[in-house]
Amino acid sequence: MTVDDARRDERTDYLAALLPAHVMERDAETGGLVRALLGAVAGELARVEDDLDALYDAWFVETAPEWVVPYLADLVGLDSLPGDLGTGSGAGVSRRAVVANTVAYRQRKGTVAVLEQVVRDVTGWPARAVEFYRLLATTAHVNHVRPDRPALASLRHAGGVELEADGLAHGALTTRAHTAEVRRVDPGPTGGRGRYGIPHIGVFVFPWQVYEVTGTRAHPVGTDLLTHPLDRPCPWFFPPATEDTIEHLAGEPDLPVPLRPRRLLALLRGARRGTATPGPLPVTVRVDDGDALPPVRLRVCGLEGLARRGDDTADTGDDDPTQALDGWQVMVDPVAGRIQPYLDGDPYDPAVHGVHVFDVDHAAGAVADVGAGTYDRSAAHDDALDGDPFVAVEDRRDRVDAQAGVPGGPAAPDVVTIADAVAAVADGWAADAASHPGGTRVVSVADPTDHVGDVDLAVPADSRLVVVAAAWEARTLLSGDVAAPVPGVYAPTGLRPRVVGDVLVTGAEGSALLLDGLVVLGDVRVRPGNLTSLTVSQCTVAGRVLVEGTAGDANRALQVTVVRSMVGGVELVGTVPGLRLADSVVDPGLAVLAGGSAGPAVRADGAHTRIDGSTLRGEVGCRLLDVTSSICDGVVTVEDRQRGCARFSYLGPGSRTPRRFRCVPSADADGAPGPAYASLDPASPSYPALSATAPVAIRRGGEGGAEMGVHHHLRRPLRTDAARRLVEPYVPAGMQIGIFGS
């Protein structure tokens, strides 16, 4: 335990205040020996105080450090506490909730509510428990008619039919009765497939993450406007509510499920009547940066028509039911994530009505924090900065000398684009070239809309440029007032700007570039030069990461790193010595969506390539390879196979790799079943998660028993296994439990 200078000085002043004033005055006159002694004592005092504070925090499960949790589990007699389920890997799963609620579990043992809560606490995923015996289609007694469990669907109640959709909740929200099954519901050699049986209880888990997206620009695609950054249809979600008590059984509002059209319609109707539940609507539309359209002007596509005069209480014109309301109305389709505007009852046409912009607030879903998104990227951003091999002169590596924000605000009104911010940073570098060479400068992109045009970046020698989707953090004063943001202090969260074009990079000797949180609808191209480091962190690059040139060009010290990103391919000139892919997706299909052609996933003829926990959907070629817990479903060709290693990974048939350790297929095998994906659409919230039908050797073949591929860090099989083990003591006698959806 160390004590910083500020903390030591503070405790020294505290000790000096305990002595008589004349003693300290005399000490100051005679050289300060007493104060020096107090300083030595103050350091030890601070250590003791900090240790006492930590010991006090460790008494409570809410404040105890993670390493103390197993000891608290022993105090409540909790056996078989699961191992680390990814607390430090981005999975966000802690065993703290299991230990904290163990006593409450035991008090409710044998109830369906506790089964749901245990699975939720162990896996970290929202869950819903279903007693399948209550949904069996049987002949009802005339004295106990059950109209709430019909065996046949009524077309007059289409909302109930929507709940049956497999893509919504995998059957967890069904109210329809089913015929009985004899297959077992619990996992095993012959089990795990039955549902509707007398002794069966199912717990459905929902591994999706839901991210609120504010102010995203709707992009025209044909006659519609789509909100997904890749201009693809994508379902909207509804942010789930937080359950306050164990007794509460989860319903649709508590689960991260796609937003149903009829659910949206019910919310809009409630808002129009003024009887909506507290909280904002799941969809908000603004036209030309104006106020949000009122609920009466948001219409659900396919379920209602345009609002007519008389429907809007604010309308003072003639109540003519044949005339649509004047002004804007927007048809919204939550299933495809699209809107269709109308002006004065006519479909919006830019050629007729002029060009207008539409900003939509909604929520999106994904399995993990991979690619550009509005999630909190702070931890991964700090890791990317720390792992950057950039070395600056005069120990200026971690110092942020200047920052240019987009938009610049009152201090820099001329900074309205990324190009303006880059130019401002370049001017600062040129002005400080003689007195303060090198250092790190930041361009923070706080405008979540589109930035059209190529972005040309030139990084001078011994300097680092960081281009990050982030806003400057405002300061909250002790009085409660909010002061102006501080340049250089930024928060990488809540933003997902798009660059509609290429990012062009030229680096001088010893230079580095870090891109974080951007959607690039083009390529990231490194021109011939002497760039030392290129890091693409938490980005979505629809094109490729390219290092251009010929075998005689420079960039001979360049290290390319792709972390938690989705890219359409990586192609490096033969002089580039290093490539690292971690927790990423490399899919040439992204390049096809961006208007390019499908190519190899990785072509790095001269690079030592390291791949950790990633999914590569295409051919891979490199000089030297180290791959772990990854899926390479194309042919992998390695030039130097005497060095390197392939561990716990799937390698496409016909691959020529260095020695293999627990790979699929093994080195002496003729072939093996390939991976099966839940979705290969980059806009799908399940992309590119492994399907439940994927071979067990792939779903559980990663290091530590986790799955191979980009979701390896989530440790999903381990979380499910731990849930099955810990929930078993609470299952009612004679019942069987199955866990679905993981």
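(A) Summary view of the sheet that holds strand β27 (residues 540-541). One open sheet accounts for 9 strands, arranged β14-β21-β24-β27-β30-β33-β35-β37-β40; its pairing is parallel. Bordering the open sheet on either side are β14 (450-452) and β40 (650-651), each of which pairs with just one other strand. In the sheet, strand β30 (residues 566-567) pairs with strand β33 (residues 585-586) via 2 bridges, with the strands oriented parallel. Looking at β33, one finds that Val567 is bridged to Val586.

(B) Main features of helix α7 (residues 112-123). If you check α7, its first and last C-alpha atoms are 17 Å apart, about what 12 residues at 1.5 Å a residue would give, namely 16 Å. Of all 12 residues in α7, 12 are buried; the element is thus mostly enclosed. What α7 keeps buried is the set Val112, Ala113, Val114, Leu115, Glu116, Gln117, Val118, Val119, Arg120, Asp121, Val122 and Thr123. In the stretch just after α7, Gly124 is the one whose phi turns positive, near 80 degrees.

(C) Spotlight on the pairing of strand β36 (residues 620-628). Buried residues dominate β36, accounting for 7 of its 9 residues. Direction of pairing for strand β34 (residues 602-612) relative to β36: parallel, over a ladder of 8 bridges. In the sheet register, Ile611 faces β36, and the bridge partner there is Val627. Taken together, the 3 bridges between β36 and strand β38 (residues 636-638) define a ladder with parallel strand orientation. Each bridged residue has a counterpart across the sheet, and for Gly621 the counterpart in β38 is Thr637. Summarising the sheet, β36 and strand β39 (residues 645-647) pair through 3 bridges and their orientation is parallel. Bridge pairing links Thr628 to Arg647 in β39.

(D) Molecular detail of the pairing of strand β9 (residues 338-343). Of all 6 residues that make up β9, 5 are buried, and the element is covered over most of its length. Pairing between strand β5 (residues 224-226) and β9: 2 bridges, direction antiparallel. Within β9, the position partnered with Leu226 by the bridge is Arg338. When strand β8 (residues 328-333) meets β9, the two strands line up antiparallel, connected through 6 bridges.

(E) Focus on the packing of aromatic side chains. Inspection of the entire model under this criterion finds 13 aromatic pairs. Aromatic pair Phe648 and Phe661: ring centres 5.5 Å apart, planes at 85 degrees, arrangement edge-to-face. Taken as a pair, Phe648 in the loop between β39 and β40 and Phe661 in strand β41 (residues 660-661) lie far apart in primary sequence, 13 residues in all. Among the residues examined, Phe648 registers a relative accessible area of 10% and is labelled buried.

(F) Representation of empty space enclosed by the protein within the structure. Applying the stated criterion across every chain, the model contains 6 cavities of 30 Å³ or more. Taken together, 30 residues line the largest cavity, and the ones lying closest to its centre are Gly365, Ala366, Val370, Ala372 and Met566. Those elements giving two or more residues to the lining of the largest cavity turn out to be β3 (209-217) and β11 (358-366).

(G) The environment of Phe132, seen in detail. Locating Phe132 in the fold gives a position in the loop between β1 (127-131) and α8 (158-162). Given the relative accessible area of 0%, Phe132 is considered buried. In this structure the C-alpha to C-alpha distance between Phe132 and His178, which are 46 residues apart in sequence, comes to 9.0 Å.

(H) Main features of the sheet that holds strand β42 (residues 736-740). Here we have 3 strands laid out as an open sheet, ordered β1-β2-β42, and mixed in their pairing. Of all strands in the sheet, those with a lone pairing partner are β1 and β42, marking the two edges. The average angle at which neighbouring strand axes cross in this sheet is 20 degrees, direction not considered. Direction of pairing for strand β2 (residues 200-205) relative to β42: parallel, over a ladder of 5 bridges. Bridged to His200 within β42 is Gln736. Set on the sheet, α7 makes contact with β1, β2 and β42; between it and β1 the angle comes to about 150 degrees.

Rules used throughout
Residues numbered from 1 in each chain as written. Predicted model: local features only at pLDDT ≥ 70, side-chain atom pairs only at ≥ 80, totals over all residues. Heavy atoms only, no water. Pairing = 2+ DSSP bridges. Helix = DSSP H or I, 4+ residues; strand = E, 2+ residues; numbered from the N terminus. Expected span 1.5 Å × (residues − 1). Buried < 20%, exposed > 50% of the residue type's maximum accessible area, 1.4 Å probe, protein only. Phe/Tyr/Trp six-rings, centres within 6.5 Å; stacked < 30°, edge-to-face > 60°. 1 Å grid on protein atoms, 1.4 Å probe; cavity = no way out; pocket = protein on both sides within 12 Å on 5 of 7 lines; lining within 4 Å. Points joined across faces, edges and corners; volume = space filled by probe spheres on them. Axes fitted to C-alpha atoms, helices over the stretch in contact; angles between N-to-C directions. Contact = heavy atoms within 4.5 Å.

So far we have only geometry, and geometry alone does not tell us how the molecule works.
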